[in-house]
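# Reading the structure
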Amino acid sequence: MRLSTERILTTHVGSMPRPQSLVDALLRKDHGETYDPAEYDRVIHDAVAAVASDQIAYRTARGRWVIAAAVFGSGIATLDATVVGIALPPIGRSFHSGLGTLQWVITGYSLTLTAFLLLGGSLGDRFGRKKVFSVGIVWFALASALCGLAPNAGILIGARVL
């Protein structure tokens, strides 16, 4: 029985991360070595078990912390949009700026957010979601502090773009 490595990975493991033992067993098989169905089944079972054990159960304390962090991250983005929307008239008066400048205060943040969403997901897959999330929260806090200290509309827009 000759199956391709790609078919085995797609059929049994899909897009899940592949443990090295699975990859080694499949590479041996594809290079003409004997194919032992029992070994293959054991390796597939071990691979699926390893991936399943790495998943987070939402009923655990760790799962609840993940949910809390996700809600917190979404909440600060919503809070930011609400606060800036409400504060636009005083910002315009304080910086003696017109409608175009106030539009850039909102648009600068929106453009940066949408531009970095996919990049953030990719970096999270590569370097770890927790690390990228933490860096994002710190970045957001520093940029928000810079917005609060902005002496003019140009610096405010620049800080919003950060």
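What you see is a predicted model, and the numbers here were worked out from it, not measured in a lab. (Residues numbered from 1 in each chain as written. Predicted model: local features only at pLDDT ≥ 70, side-chain atom pairs only at ≥ 80, totals over all residues. Heavy atoms only, no water.)

Should their charged atoms come close, side chains of opposite charge can pair. Going through the model one piece at a time under the given rule, you end up with two salt bridges. Note that Asp125 is salt-bridged to Arg129, the shortest N-O span being 2.7 Å. Exposure remark for Asp125: the relative accessible area of 54% places this residue in the exposed category. (Salt bridge = Lys/Arg side-chain N within 4 Å of Asp/Glu carboxyl O. Buried < 20%, exposed > 50% of the residue type's maximum accessible area, 1.4 Å probe, protein only.)

Take the confidence of the model for the protein chain next. Considering every residue of the protein chain, the mean pLDDT works out to 75; 65% of them sit at 70 or more. Mean pLDDT values for the elements of the protein chain range from 49 in helix H1 (residues 5–13) up to 87 in helix H6 (residues 129–148). Low pLDDT (under 50) marks residues 1–6, which in the prediction has 10 contacts with non-local residues, meaning those over four places away or in another chain. (pLDDT = per-residue confidence, 0-100. Helix = DSSP H or I, 4+ residues; strand = E, 2+ residues; numbered from the N terminus. Contact = heavy atoms within 4.5 Å.)

Okay, the packing of aromatic side chains next. As enumerated under the stated definition, the model contains one aromatic pair in all. Both rings, one in Phe116 and one in Trp139, keep their centres 6.1 Å apart while their planes meet at 55 degrees; by these two values the pair is tilted. Here the residue Phe116 occupies a position in helix H5 (residues 99–127), and Trp139 occupies one in helix H6, the gap between them amounting to 23 residues. (Phe/Tyr/Trp six-rings, centres within 6.5 Å; stacked < 30°, edge-to-face > 60°.)

Mapping Asp80 onto the fold places it in helix H4 (residues 61–95). Among the polar contacts made by the side chain of Asp80, one reaches the side chain of Arg160 at a distance of 3.0 Å. When near neighbours in sequence (up to four residues on either side) are disregarded, Asp80 contacts Tyr109, Phe140 and Arg160. (Polar contact = N/O pair within 3.5 Å; in protein donor to acceptor, adjacent residues only side chain to side chain.)

Along the chain, Val132 turns up in helix H6. Taking the relative accessible area as the measure of exposure, Val132 reaches 22% and is therefore partly exposed. Placed 12 residues apart in sequence, Val132 and Gly120 show a C-alpha to C-alpha distance of 7.1 Å. Apart from the residues within four sequence positions on either side, Val132 is in contact with Gly120, Leu123, Gly124 and Phe127.

With that settled, the discussion passes to a nonpolar patch on the surface. The grouping of Phe116, Leu119, Leu123, Phe127, Val135, Trp139, Leu146, Ile155 and Leu162 at the surface amounts to a nonpolar patch, some 820 Å² of accessible area in total. Residue assignment for the nonpolar patch shows that the elements contributing at least two residues are H5 and H6. Of all the elements, H5 adds the most residues to the nonpolar patch, at four residues. Looking at the element boundaries, Val135 is found in helix H6. (Patch = residues over 30% accessible without salt bridge, like charges linked within 9 Å, V, L, I, M, F, W, Y side chains within 5 Å. Areas by Shrake-Rupley, 256 points an atom, 1.4 Å probe, with all protein chains shown as cover.)

On to the nonpolar core, then. Counting residues in each nonpolar core, the largest one holds 10 residues, listed as Val84, Leu88, Ile91, Leu102, Val105, Cys147, Ala150, Leu156, Ile157 and Ala159. At the level of elements, H4, H5 and helix H7 (153–161) are the ones that each hand at least two residues to this core. Excluding residues within four positions of it along the chain, Cys147 makes contact with Leu156, Ala159 and Arg160. (Core = buried A, V, L, I, M, F, W, Y, C linked by side-chain atoms within 4.5 Å.)

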